[in-house]
Amino acid sequence: MICNLCPRECGAERTETKRGGVCRQPSLPVAARAMLHLWEEPCLVGDHGAGAVFFSGCNLRCCFCQNKPISQGEVGKVLTVERLREIFHQLIDQGAACLDLVTPTHFTDAVLEALGDERWPVPVVWNCGGYEKPETLRRLEGRVQVYLPDLKYALPEPARKYSAAADYFDWASRAILEMFRQTGPYQMENGLLKRGVLIRHLLLPGELENTRRVIDWVSETFRPGEVLFSLMAQYTPQPGAVGNLARHVTRAEYRAAVEYMENCGITDGYTQERTSAREEYTPDFDLRGI
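Residues numbered from 1 in each chain as written. Predicted model: local features only at pLDDT ≥ 70, side-chain atom pairs only at ≥ 80, totals over all residues. Heavy atoms only, no water.

Explain the side chain of T105 here, please?
Secondary-structure assignment places T105 in the loop between strand 6 (99-102) and helix 4 (108-115). A distance of 2.5 Å separates polar atoms of two side chains, one belonging to T105 and the other to E132. With residues near it in sequence (within four places) discarded, T105 still touches L5, C6, W126, C128 and E132. (Helix = DSSP H or I, 4+ residues; strand = E, 2+ residues; numbered from the N terminus. Polar contact = N/O pair within 3.5 Å; in protein donor to acceptor, adjacent residues only side chain to side chain. Contact = heavy atoms within 4.5 Å.)

How should I be thinking about the pattern of salt bridges in this particular structure?
If the charged atoms of two oppositely charged side chains come close together, the side chains can form a pair. Considering all chains together, one arrives at 20 salt bridges under this definition. For the salt bridge of E86 with R83, the shortest nitrogen-to-oxygen distance reads 3.2 Å. Of this pair, E86 and R83 both sit in helix 3 (residues 81-93), 3 residues apart, roughly one helical turn. Here E178 ties to R181 by a salt bridge, and the two come within 2.8 Å at their closest N and O atoms. On the criterion of helical spacing, the pair formed by E178 and R181 is a turn pair, its members being 3 residues apart in helix 7 (residues 168-183). Several salt bridges converge on common partners, so that one network encompasses R138, E141, E178 and R181. (Salt bridge = Lys/Arg side-chain N within 4 Å of Asp/Glu carboxyl O.)

Would you mind going over the pairing of strand 7 (residues 124-128) with me for this structure?
Within a regular strand, the side chains alternate between the two sheet faces. With respect to burial, strand 7 is a largely interior element, 5 of its 5 residues being buried. Neither face of strand 7 is open: one carries V124, W126 and C128, the other V125 and N127, and all of them are buried. As paired elements, strand 6 and strand 7 share 4 bridges and run parallel to each other. Paired with L101 across the bridge in strand 7 is W126. In the classification by handedness, the crossover that spans strand 6, the intervening helix 4 and the parallel strand 7 is right-handed. Pairing geometry for strand 7 and strand 8 (residues 146-149), over 4 bridges, is parallel. Bridging from a neighbouring strand, C128 pairs with P149 of strand 8. (Buried < 20%, exposed > 50% of the residue type's maximum accessible area, 1.4 Å probe, protein only. Pairing = 2+ DSSP bridges. Right-handed = clockwise from strand over helix to strand, strands pointing away.)

Is there a simple way to think about the side chain of T183 in this case?
The residue T183 is located in helix 7 in this model. Beyond its immediate sequence surroundings of up to four residues, T183 is in contact with Q145, Y147, R195, G196 and V197.

Even after reading the chapter, I still don't get helix 7, so can you show me in this structure?
Residues spaced three or four apart along an α-helix face the same direction, because each turn holds 3.6 residues. The end-to-end C-alpha separation of helix 7 is 22 Å, in line with the 22 Å expected for 16 residues at 1.5 Å each. Here helix 7 lies mainly inside the structure; 12 of its 16 residues are buried. For helix 7, the full list of buried residues reads Y168, F169, W171, A172, S173, A175, I176, E178, M179, F180, Q182 and T183. If you follow the buried residues of helix 7, they end up packed against strand 7, helix 5 (134-138), strand 8, helix 6 (156-163), strand 10 (192-202) and helix 8 (208-221). (Expected span 1.5 Å × (residues − 1).)

Can you help me understand the packing of helix 3 against helix 4 in this one?
What describes two packed helices is the angle between their axes and the distance between those same axes. Packing of helix 3 against helix 4 brings their axes to within 9 Å, and their N-to-C directions diverge by 60°. Overall, the two elements helix 3 and helix 4 adopt an arrangement that is oblique. Handedness of the crossing formed by helix 3 with helix 4: right-handed. Of the residues in helix 4, those touching helix 3 at V81, L84, R85 and F88 are A110, V111, E113, A114 and L115. Broken down by class, the residue content of the contact of helix 3 with helix 4 amounts to 7 nonpolar, no polar and 2 charged. (Axes fitted to C-alpha atoms, helices over the stretch in contact; angles between N-to-C directions. Parallel < 35°, antiparallel > 145°, perpendicular 65-115°, else oblique. Left-handed = near helix turned anticlockwise from the far one by under 90°. Nonpolar A, V, L, I, M, F, W, Y, C, P; charged D, E, K, R; others polar.)

Please clarify how the pairing of strand 3 (residues 30-37) should be interpreted in this entry.
Extensive coverage of strand 3 is indicated by the burial of 7 of its 8 residues. Taken together, the 6 bridges between strand 3 and strand 4 (residues 50-55) define a ladder with antiparallel strand orientation. Within strand 4, the residue paired with A34 across the bridge is V53.

Help me understand the environment of T105, please; the structure alone is not making it clear to me.
Of the residues examined, T105 reaches a relative accessible area of 6% and is grouped as buried. The spacing of T105 and N127 is 22 residues in sequence and 9.0 Å in space, taken between C-alpha atoms.

Right, here's the structure in full:
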């Protein structure tokens, strides 16, 4: 496998036994936890939780990542495609409201094989960092019902500084348009999201202008009722953080972001309490369920 699945276009050789590329992963899927996850948006959780599979590796290098042990570390277990499919069924049998595939992009081939042509009884959720190639996303059409992308940045400087991806917005904006093309306006049933796009944005301390530009793009691109938007306050300083990233988002920053979102006419979606910035909301990546 010469990998060009994501915007990095590494051209790295990735095989079942050889790791490569920015994601530093083999071609077989690697995961660190499978569980009923209660801390996604309410429309994905239902009564028992989202059936989350936390994949290892990532095509972004976010210095503030709360999942750094798996996204940039060595934590994770190599799975066969057959085992991944078993995990999907086990999560559904446990009452999962959806199959929540967390950071799956670099394992697109294996995930598609594991999903197969089966009509799954719950939505398949592509939970990603937003740094996606539309060409790769087109391969998912008909297999993924819900897209859950981050839209981390609309400005190139924080994207470069914090995630080593100055071109982030160019790719993420086109990716989200492709996601919406596939799903159309979001569809809810009994309070659960069955189809559509839910865009997440994490407000970073000291980066209110970046958040305003993200909100501008969403409000100018989509009409009410087309996509959901989740404005998150859960930024948690990571070990070694410096400058603004060494602190939490202030009450004034988050209040200003919420007011700006409302003034731009975005009412479909979610805001968070600032108490969401707690380390216990990050799962233990101890290979349980894998």
